[in-house]
Amino acid sequence: MKIKTIFAIIAIIILPNILTMAQNSLAEATKGKFLFGVAVNMQQVNGVNAKESELIANEFNSIVAENCMKPQLIHPQENKYKWADADKVVAFGEKNKQVVTGHCLIWHSQIGKWFFVDDNGKDVTPEALKEHMRQHIYAIVGHYKGRVKGWDVVNEAFEDNGTYRNSKFYQILGKDFIKYAFQFAHEADPNAELYYNDYNVETPAKCEAIAGLVKELKAAGCRIDAVGSQAHMQMDSPTPDAIENCFKKLKAAGVKILITEWDISILPSPYSGANISNNFAYSREMDPYREAVPDSIQQKWNIRVLDMFGLFLKYNDVVDRVTVWGLNDASSWLNNFPILGRKDYPVLFDRNNQPKSVVDEMIKMAKNYKSQK
Ligand code: XIL
């Protein structure tokens, strides 16, 4: 074969990839500042919709499983693990050279009852619960050792007022369950980053409590790399000021910050939190944009996205990753939370997998921002 022909073939194969690993992707524009990630579901990982898989591969440099690594799904019964889906997510990320993170090891939601209840239906002893936690964390973190960069070790241990959530973990083990979880995770993979993750992190009392936890864990000799702020936002809350104040507090406590589950609901909300067991009755008034979003509201949403993204960029010395909770509006969990069956428009790609106009502006904004790393 002539050398020219060989070059032509190589160009035909390589060029489209170079073009799509777009100069203009969000991941490219945020490089050097923070990772730009997305939560993925199994249809996307399995390539059921090729366009979605392609977008995930091209626009983002980090992924997290939206559900399949949660306790209930990966460890439904004692000593019974279901690795298949999570294995596929990790392989998908590796194939696309993406950073894979793990969500989540210890959480009061989406967890099997067996964790807390013995054969007689009674609460397990503190020793038994600690042992369940140890087995669970060792098995999962061990299974993905060296392949998952970091773990949401504990999710949502605080109430918004800064008190400990009265979960089964807390009832049986007291606040030390958090420390045990971090210790076990570190033992299982000493190189993995370890995160504490929560919603409404910006609420002052909650932020204070989380910063306090970071200091306590560090004083106890535990590894903690970052606090994950889920960042499930509404149109008017949280305020930029609250977010900035909390960023400063966490930075002073000596941890990095991750925006782990970013979305901005465009709908009216009966509740500004993300505890998945809080559900409210459907009404048509609470679901106003079934046909379309009016321009004025869309504009307001765009500005909100840019304001928040601007803050993440401003704090890129400490913000290490921004992950959007869902690729497109159609697959967003917010269509069913906190009210079932609404039509929300909370993420960056629309129902036809087209980037929203704000994406271009985000890319420009990110490119003009200096890395402070
Ligand atoms: C949500 C998922 O998006 C849904 O598909 C699932 O039905 C419930 O959980 N905080 C978290 C995430 O830490 O794991 C939750 O994800 C959203 C709130």
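Higher on the page you've got the structure.
Given the structure is predicted, the values throughout are model-derived calculations rather than measurements.

Participant: Help me understand the overall build of the protein, please; the structure alone is not making it clear to me.
Facilitator: In terms of helices and strands, the protein carries 13 helices and nine strands. For 373 residues, the compact-globule estimate of 2.2 N^0.38 gives 21 Å, and the C-alpha radius of gyration of the protein, at 21 Å, lies within 12% of that figure. If you line up the protein on its principal axes, its C-alpha atoms span 70 × 55 × 40 Å. Classification of the 373 residues of the protein by burial places 53% in the buried group. Contacts in the protein between residues at least 24 apart in sequence constitute 79% of all its contacts with a sequence separation of at least 6. By element, 54% of the accessible surface of the protein is carried by carbon and sulfur atoms, the whole surface being about 16200 Å². When the 44 basic and 44 acidic side-chain charges of the protein are each reduced to a single mean position, those positions are 5 Å apart.

Participant: Would you explain the packing of aromatic side chains in this entry?
Facilitator: Each aromatic ring pair is specified by the distance between its two centres and by the angle formed by the two planes. Applying the stated criterion across every chain, the model contains 22 aromatic pairs. Here Phe116 and Phe169 contribute two aromatic rings whose centre-to-centre distance is 4.9 Å and whose plane-to-plane angle is 80 degrees, an arrangement assigned as edge-to-face. Of this pair, Phe116 sits in the loop between β3 (99–107) and α7 (126–143) while Phe169 sits in helix α8 (residues 168–173); the two residues are 53 residues apart in sequence, bridging distant segments of the chain. Both residues of the pair, Phe116 and Phe169, belong to the buried class. Measuring from centroid to centroid gives 5.9 Å for Phe158 and Tyr196, while their planes differ by 70 degrees, and the two rings are edge-to-face. One end of the pair, Phe158, is in the loop between β4 (150–155) and α8; the other, Tyr196, is in strand β5 (residues 193–198), with 38 residues separating them in the sequence.

Participant: Got a minute to help me understand the pattern of salt bridges in this structure?
Facilitator: Two side chains bearing opposite charge may form a pair once their charged atoms approach each other closely. Under the definition given, this model contains 16 salt bridges. Note that Asp236 and Lys300 form a salt bridge whose closest N and O atoms lie 3.5 Å from each other. Pair noted here: Asp236 is in the loop between β7 (232–233) and α11 (240–253) and Lys300 is in helix α12 (residues 295–314), with a separation of 64 residues, a long-range link. Notably, a salt bridge pairs Asp320 with Lys256, separated by 3.9 Å at the nearest N-O pair. Placement of the pair is Asp320 in strand β9 (residues 319–324) and Lys256 in strand β8 (residues 256–264), with a sequence separation of 64 residues. Take Lys256: its relative accessible area is 32%, and that puts it in the partly exposed class. Here the salt bridges do not stand alone but share partners, grouping Asp160, Asp198 and Lys206 into one network.

Definitions and limits used
Each chain has its residues counted from 1, following the order in which its sequence is written. Local features in this predicted model are restricted to residues whose pLDDT is 70 or higher, and side-chain atom pairs enter the listing and the counts only when it is 80 or higher, whereas totals over whole chains, interfaces and linings include all residues. Computation of side-chain values covers all heavy atoms of the structure but excludes hydrogens and water. The way it works is that DSSP assigns letters per residue, a run of H or I at least four long becomes a helix, a run of E at least two long becomes a strand, and they are numbered from the N terminus. All radius of gyration figures rest on C-alpha atoms, and the globule criterion is 2.2 Å times the number of residues raised to 0.38. The classification of residues rests on relative accessible area computed with a 1.4 Å probe and restricted to protein chains. Under 20% of the type maximum is buried, over 50% is exposed, and intermediate values are partly exposed. When checking whether two residues touch, look at their non-hydrogen atoms; a contact exists if any pair is within 4.5 Å. Residue burial considers only the protein chains on display, and all accessible areas are found by Shrake-Rupley using a 1.4 Å probe. Under the convention used here, Asp and Glu are negative, Lys and Arg are positive, and both His and the chain ends fall outside the count. By convention, the charge on Lys lies at NZ, on Arg at CZ, on Asp at CG and on Glu at CD. Pairing of aromatic rings covers Phe, Tyr and the six-membered ring of Trp, with a centre-to-centre limit of 6.5 Å; geometry is then stacked below 30 degrees between planes, edge-to-face above 60, and tilted otherwise. The salt bridge definition used is simple: a Lys or Arg side-chain nitrogen within 4 Å of an Asp or Glu carboxyl oxygen.

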